[in-house]
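Structure assessment
The primary structure of each chain is shown beneath.
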Amino acid sequence: MAELEKLGVTLTLNDGKIRYRGRKEVVTSELLEELRKHKEWIIQFLQSKPSNRWTLSDGQNALWFLHQLDPSSASYHMAFCVKISSPIALNVLERAFQATVKRHPLLRAHIQSESGVPFMEIQEESEIRFSSVNASNWTSAEIESNLASAYREPFDFGKGSLIRANLFTLNGSEHIFLITAHHIIFDGQSMWIVVKELFQDYEEQISGKPGILHPPQHTFADYVSRQTKFLQGGEASQLKDFWLNELKQMPPPLDFPSDRPMTDPSSCRGGSQALSLSSSVSEGIKAIAKREGATVFAVLLTVYHIFLNRITGQRDILIGSATGGRNRPEYQAIVGYFINMVVNRARVDENLSFAQMLARVRKSVVAVLNHQEYPYPLVVEAIQKGKNTSRSSLFQAEFGLQLSQASGGILELFLPHEEGGKVTIGSLELSPYPLRQQEGQFDLSLELIEAKGQFYGVFKYNEDLFEPESMHALVEHFQSLIAQIVEHPGVPIRELSVSTDAENRMANELLAICPISPANEWS
């Protein structure tokens, strides 16, 4: 068994049958024959293994590898930060957090490795990381600094929980509450689950009428087991062939109009710029989607393709997007890392109208979603096999759209703090609190959420490429472009500008003063 682990081959037992996971070049017919000879012994060994040792998914394996390269990075930290404007019972909040951690196994996971092969070790009782600090004498700068430090504090995979809570008390009725988790055990829906259960548990204890929140009937281990079985079937091979064909003859990396040249492609020092789309623009986007028979996701993705084309001058563009991965009902209540990245490829033709370009993108999105189950890390491995590359991803730009899925007003807490409102949950009055997050997995990411009839979001970017002032200008360019598309969806793409109205006025004024002679015009 130790030799198998060295080869990167893992064995699991499912319904009395041995399932294997490993690279095709390693799992040879000779190896399978050897496993058959020792079948009974292997089954007995697997049955005797502690049930708290879980195999990582392919997505988790990729995150584990990246963590080994830079254990101090906060690039894969996820955060939820709110201001609590009411008195709280600290001991009750801590108990509620502890109960939430107890319900979900991955919140009690340590990530260990043997012979270079990682695995999750689920602790029966995990020491929760709940820190409470009196910040009543801190200045605003000290609050921001300590909040950022709490967010960026590295996780030790080998010990301690991969989720933590920090409470900063400003006075008796004002607090800042921060939850931070590592992406390897967490995704966006996991955060919804944890936040909802935490405050529900708190209020039930405060009211003296504690309910019973049961752990989910299924576990993340069930998901990994099913994925392992899927990858051994013929359908997975067909999905792999689709991606190899879709991504053959890869285009060059996107050449952004950056402030500095890219010197380290593995850099992920991230910054963020919030944005919002007006009610009229948001309604215009939905109207285009309805008129063209497309999803809002496809409309916004098309806009992003055109935006990247306009600022880079490149036509063949790859954009990554995260799919939820929870394609079965039993996965909906599980905390874990389910998401899988897919690559949306589009060739921007500037002679087309937006509606014509949308038709192309829509067709591509449908094909991509029909092949989304093949793990993205395996796609990267297959595409880059034998190539000398310093990049761990096939794309440099990412897009995500989160549609409303929270209830009871919790959605307000996930909006940018300028847009979110106050939410009352029992005795607690909550509102979003600004946190400058450091995710910078990609050079440029656009993440949007739909709420209150509008689209809000954030551009996340690599600070080694862009200054904040430059990103502010790019956000304005994007907003200008999308407003033009909503107003004139039938004009050719080449006539759409990423310049703002103010910049266009300035250019016209300069032309009036110093008109361009025919000899200097662009052909």
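Parameters and conventions
Residues numbered from 1 in each chain as written. Predicted model: local features only at pLDDT ≥ 70, side-chain atom pairs only at ≥ 80, totals over all residues. Heavy atoms only, no water. Helix = DSSP H or I, 4+ residues; strand = E, 2+ residues; numbered from the N terminus. Contact = heavy atoms within 4.5 Å. Axes fitted to C-alpha atoms, helices over the stretch in contact; angles between N-to-C directions. Parallel < 35°, antiparallel > 145°, perpendicular 65-115°, else oblique. Left-handed = near helix turned anticlockwise from the far one by under 90°. Nonpolar A, V, L, I, M, F, W, Y, C, P; charged D, E, K, R; others polar. Salt bridge = Lys/Arg side-chain N within 4 Å of Asp/Glu carboxyl O. Buried < 20%, exposed > 50% of the residue type's maximum accessible area, 1.4 Å probe, protein only. Phe/Tyr/Trp six-rings, centres within 6.5 Å; stacked < 30°, edge-to-face > 60°.

Helices and strands together make up the secondary structure of the protein, namely 15 helices and 17 strands. Intrachain contacts of the protein at a sequence separation of at least 6 include 75% that bridge at least 24 residues.

With that out of the way, let us pick up the side chain of H305. Following the sequence through the fold, H305 ends up in helix α11 (residues 296-312). Excluding residues that lie within four positions of it along the chain, H305 makes contacts with I317, I319, N344, R345, A346, V348 and V361.

Interhelical geometry of helix α5 (residues 90-103) versus helix α7 (residues 188-207) gives an angle of 130° and a closest axis separation of 9 Å. On the basis of their axis angle, the class for α5 and α7 is oblique. As α5 packs across α7, the resulting crossing turns out to be right-handed. On α7, the residues that touch V92, L93, R95, A96, F97, A99, T100 and R103 of α5 are V194, E197, L198, D201, Y202, Q205 and I206. Among the residues making up the contact of α5 with α7, the classes are represented as nine nonpolar, two polar and four charged.

Right, let's get into the pattern of salt bridges. All told, the structure shown has 17 salt bridges when counted by the stated rule. Ionic pairing is found between E174 and K83, a salt bridge with its closest N-O pair at 3.0 Å. Here the residue E174 occupies a position in strand β9 (residues 174-182), and K83 occupies one in strand β4 (residues 77-84), the gap between them amounting to 91 residues. Across the pair R328 and E330 runs a salt bridge, and its minimum N-O distance is 2.7 Å. Taking the relative accessible area as the measure of exposure, R328 reaches 27% and is therefore partly exposed. The class of E330 is partly exposed, set by a relative accessible area of 25%. Via salt bridges that share partners, R103, E197 and D201 belong to a single interconnected network.

Attention now moves to the packing of aromatic side chains. In the structure shown here, the tally under the stated rule is 21 aromatic pairs. Summarising the aromatic geometry, the rings of F256 and F466 are spaced 5.9 Å apart at their centres and angled 70° between planes, so their arrangement reads as edge-to-face. Of this pair, F256 sits in the loop between α9 (234-246) and β10 (270-277) while F466 sits in the loop between β17 (454-462) and α14 (468-487), and the two are 210 residues apart along the sequence. By the burial criterion, F256 is buried, and F466 matches it. Ring geometry for Y304 versus F307: centroids 6.4 Å apart, planes at 15°, classification stacked. Residue Y304 and its partner F307 are located together in helix α11, separated by three residues, close to a single helical turn.

Read these as spatial facts, not as claims about activity.
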